Amino acid sequence: VQLQASGGGLVQAGGSLRLSCAASGRVFSLMGWYRQAPGKQRDLVATITSGGVTTYADSVKARFTISRDNAKNTVYLQMNSLKPEDTAVYYCNAQSKTLLGRPYEYWGQGTLVTVSS
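Residues numbered from 1 in each chain as written. Predicted model: local features only at pLDDT ≥ 70, side-chain atom pairs only at ≥ 80, totals over all residues. Heavy atoms only, no water.

A.B. asks: Where do I start with the overall build of the chain in this structure?
C.D. replies: Check the secondary structure of the chain and you find zero helices and eleven strands. Scanning the chain from its N terminus toward the C terminus, one meets helices and strands in the order β-β-β-β-β-β-β-β-β-β-β. Seen through its principal axes, the chain has C-alpha atoms that stretch 50 × 25 × 25 Å. Of the contacts formed within the chain by residues at least 6 apart in sequence, a portion of 53% connects residues at least 24 apart. Taking the average place of the 12 positive charges on the side chains of the chain and the average place of its 6 negative ones, the gap between the two points comes to 6 Å. (Helix = DSSP H or I, 4+ residues; strand = E, 2+ residues; numbered from the N terminus. Contact = heavy atoms within 4.5 Å. Lys, Arg positive; Asp, Glu negative; His and termini not counted. Charge placed at Lys NZ, Arg CZ, Asp CG, Glu CD.)

Here you go:
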């Protein structure tokens, strides 16, 4: 299983970026994005189920949109109105359960988003 994330970069405050994460090897019931700023813990940004149900961190609501293409097994994160405090390494996450109900998850390699003021 591989999660290949892309789309990070440097953008000015108020700008936009779109992250993509393509999963190979299996289909996951839940996919999402987390981020980790320097010296801080990794925090949830947004998740989306295979049925399209989404959750967002309060700090990104109304600015970020998570979406998913099940046919391509890819999750996207559209980030608008970016702020310097959004600067972090963004990690793709994919979760599911075995037939016996045991949960498992995978992480992508991380993509750096830098927002300049």
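A.B. asks: Help me understand the pairing of strand β9 (residues 88–97), please; the structure alone is not making it clear to me.
C.D. replies: Each regular strand shows side chains that alternate between the opposite faces of the sheet. Most of β9 is tucked away, with seven of its ten residues classed as buried. Summarising the sheet, strand β4 (residues 30–36) and β9 pair through seven bridges and their orientation is antiparallel. Each residue of the ladder has a partner; that of arginine 35, found in β9, is tyrosine 90. Across three bridges, β9 lies against strand β11 (residues 111–116) in antiparallel orientation. Looking at β11, one finds that valine 89 is bridged to leucine 112. Pairing of β9 with strand β10 (residues 103–107), which is carried by five bridges, proceeds in the antiparallel orientation. Its bridge partner being in β10, serine 96 is matched across the sheet by tyrosine 104. Hairpin remark: β9 followed by β10, antiparallel, with five residues in the connecting loop; positive phi at glycine 101, about 90 degrees. (Buried < 20%, exposed > 50% of the residue type's maximum accessible area, 1.4 Å probe, protein only. Pairing = 2+ DSSP bridges.)

A.B. asks: Help me understand the environment of glutamine 4 in this model?
C.D. replies: Considering the arrangement of structural elements, one finds glutamine 4 in strand β1 (residues 2–6). The class of glutamine 4 is partly exposed, set by a relative accessible area of 48%. Separated by 105 residues in the primary sequence, glutamine 4 and glutamine 109 place their C-alpha atoms 7.0 Å from one another. Among all residues touching glutamine 4, those that are not within four sequence positions of it are Ser20, Cys21, Ala22 and Gln109.

A.B. asks: Help me out: how do you make sense of the packing of aromatic side chains in this one?
C.D. replies: Within this structure, the stated rule accounts for four aromatic pairs. For the pair tyrosine 34 and tryptophan 107, a centre-to-centre distance of 5.0 Å together with 70 degrees between the ring planes defines the contact as edge-to-face. Here tyrosine 34 is found in strand β4, whereas its partner tryptophan 107 is found in strand β10, with 73 residues between them in sequence. What makes tryptophan 107 partly exposed here is its relative accessible area of 34%. Each residue in the set Phe28, Tyr104 and Tyr106 is aromatic and connected to the rest through ring pairs, giving one cluster. Above the face of the tryptophan 107 ring, arginine 42 is positioned so that its terminal group lies 4.6 Å from the ring centre. (Phe/Tyr/Trp six-rings, centres within 6.5 Å; stacked < 30°, edge-to-face > 60°. Lys NZ or Arg CZ within 6 Å of the ring centre and 35° of its normal.)

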